[in-house]
Amino acid sequence: MKKRYGTREAIVITSLAAGFFFGAPLAADASEKQNLDPLIDKNYQFDTKQELRYGHTGYPVRFLQFELHKLNFYYETIDGHYGASTQEAVKRFQELYDLKTDGIAGETTLEKLNEVILQPKPAFYTIGDEGPAVKQLQTKLQRLRFYSGLIDGKFESVTEASVKAYQKKFNLEANGLATEETIDHIMKNKNVRGLTIKKATVVTAQPRTNNPETTEAQAEPIDAPPVDASVISIAMNYMGVPYVWGGTSPNGFDCSGFLQFVYAQKGVNISRTVPGIWSQGASVSAPSVGDIVFFQTYKPGPSHAGIYLGNNKFIHADSTDGVSIDDMTISYWQSRYLGAKRL
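Residues numbered from 1 in each chain as written. Predicted model: local features only at pLDDT ≥ 70, side-chain atom pairs only at ≥ 80, totals over all residues. Heavy atoms only, no water.

J.: Would you explain the packing of helix α2 (residues 59-70) against helix α3 (residues 84-96) in this entry?
T.: Relative placement of two packed helices is described by the angle separating their axes and the distance separating the axes. One way to put it is that α2 packs onto α3 with a least axis distance of 11 Å and a crossing angle of 50 degrees. The pairing of α2 with α3 is recorded here as oblique in orientation. The way α2 lies across α3 gives a crossing that is left-handed. Note on element contacts: α3 touches α2 through Thr86, Ala89, Val90 and Phe93, opposite Leu64, Gln65 and Leu68. Here the residues of the contact of α2 with α3 are counted per class, giving 5 nonpolar, 2 polar and no charged. (Axes fitted to C-alpha atoms, helices over the stretch in contact; angles between N-to-C directions. Helix = DSSP H or I, 4+ residues; strand = E, 2+ residues; numbered from the N terminus. Parallel < 35°, antiparallel > 145°, perpendicular 65-115°, else oblique. Left-handed = near helix turned anticlockwise from the far one by under 90°. Contact = heavy atoms within 4.5 Å. Nonpolar A, V, L, I, M, F, W, Y, C, P; charged D, E, K, R; others polar.)

J.: Would you take a moment to explain the packing of helix α5 (residues 132-143) against helix α7 (residues 180-188) for this structure?
T.: Put simply, α5 and α7 touch, their axes get as near as 9 Å, and they point 45 degrees apart. Accordingly, the angle class assigned to the pair α5 and α7 is oblique. The handedness of the crossing between α5 and α7 comes out as left-handed. Here Gln136, Leu137, Lys140 and Leu141 of α5 lie close against α7, whose contacting residues are Ile183, Ile186 and Met187. For the contact of α5 with α7, a count of residues per class yields 5 nonpolar, 1 polar and 1 charged.

J.: In this structure, what is going on with the pairing of strand β12 (residues 337-342)? I would like to understand it.
T.: For a regular strand, the rule is simple: side chains alternate between the two faces of the sheet. With 6 of 6 residues buried, β12 lies mostly within the body of the structure. Judged from the 4 bridges that link them, strand β8 (residues 292-295) and β12 form a sheet pairing that is antiparallel. Each bridged residue has a counterpart across the sheet, and for valine 293 the counterpart in β12 is alanine 340. (Buried < 20%, exposed > 50% of the residue type's maximum accessible area, 1.4 Å probe, protein only. Pairing = 2+ DSSP bridges.)

J.: Teacher, can you tell me more about the environment of valine 289 here?
T.: Inspection of the secondary structure assignment puts valine 289 in the loop between β7 (282-284) and β8. Residue valine 289 is classed as buried on the basis of its relative accessible area, which comes to 1%. When the C-alpha positions of valine 289 and asparagine 311 are compared, they lie 9.0 Å apart, and in sequence the two are 22 residues distant.

J.: I tried to follow the pattern of salt bridges on my own but got confused; where do I start?
T.: If the charged atoms of two oppositely charged side chains come close together, the side chains can form a pair. All chains considered together, the criterion is met by 10 salt bridges. Across the pair arginine 53 and glutamate 51 runs a salt bridge, and its minimum N-O distance is 2.8 Å. Judged by relative accessible area, arginine 53 falls into the partly exposed class, the value being 33%. Arginine 143 serves as the salt-bridge partner of aspartate 318, at 3.0 Å between the closest nitrogen and oxygen. In this pair, aspartate 318 is assigned in strand β10 (residues 313-318) and arginine 143 in helix α5, connecting sequence segments 175 residues apart. (Salt bridge = Lys/Arg side-chain N within 4 Å of Asp/Glu carboxyl O.)

This is how it looks when you write it as structure tokens:
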């Protein structure tokens, strides 16, 4: 990343500052980000000999959450508990920096964090800048459907136009500069842009995939029941519910918990796991509104699923954005698509 706007001081937590800053959980709200810095004394670095993982608690976890928040990976409560949200934030950091994506803050991940938190941070990103922070911005703008260019980490005219369009949409200063205010707004945004759902309309579509490993999974229809498009009206009621690992209620869902909860309101009992739902449903050659679409993500076979909305859109409990709507034609989902089932 270009170093044009001065350096960003590294931080250290003294025992006094630790008592002041970490005495109680703090909500990592973007408007308060500038007030989250503990007292500055000298450079602070993570101990790379430690390993932080799911279930751990304490000061090192709180500081991990704090730094991931500053880097726009974590926007939950800074509470010192290494739960699902912290694990997912670590995974997103690892993915961005081409590390092993296991959600564990081990030696390699902590070394990279030490490197990143000491790097100078510009006042804003603009044409000519490049690096992981720009790539992170492009990825989020693409998910919000403001960006359709390459995810290459290069801030060029297409990225600038996307930032400006986003700023106009949300009444920010529309100058095309990715300021801290704009980036915070983008990273916290769990909404989608310009989607209209017509519950009575059944639209079919077959997402393209070039992954030969998924060919076998795309079976022809076998005794599929009539499609029930009304299920999407139920699913849409829970837009914005946060992702919670193992969650099965409107307080928080994981992907299969969301599906189970939604279909239960239609009187349909389905499996608690994605592979179980895959086995339970009848295959269809192309999804219709109300069908369940399946993806292979972190392990072989079906490991993620959502409800098809038509026009290549689906609603699901996303580990980053909670219950939200995504586009099946973006490269991430397209390359992982396995097929559709009907219940």
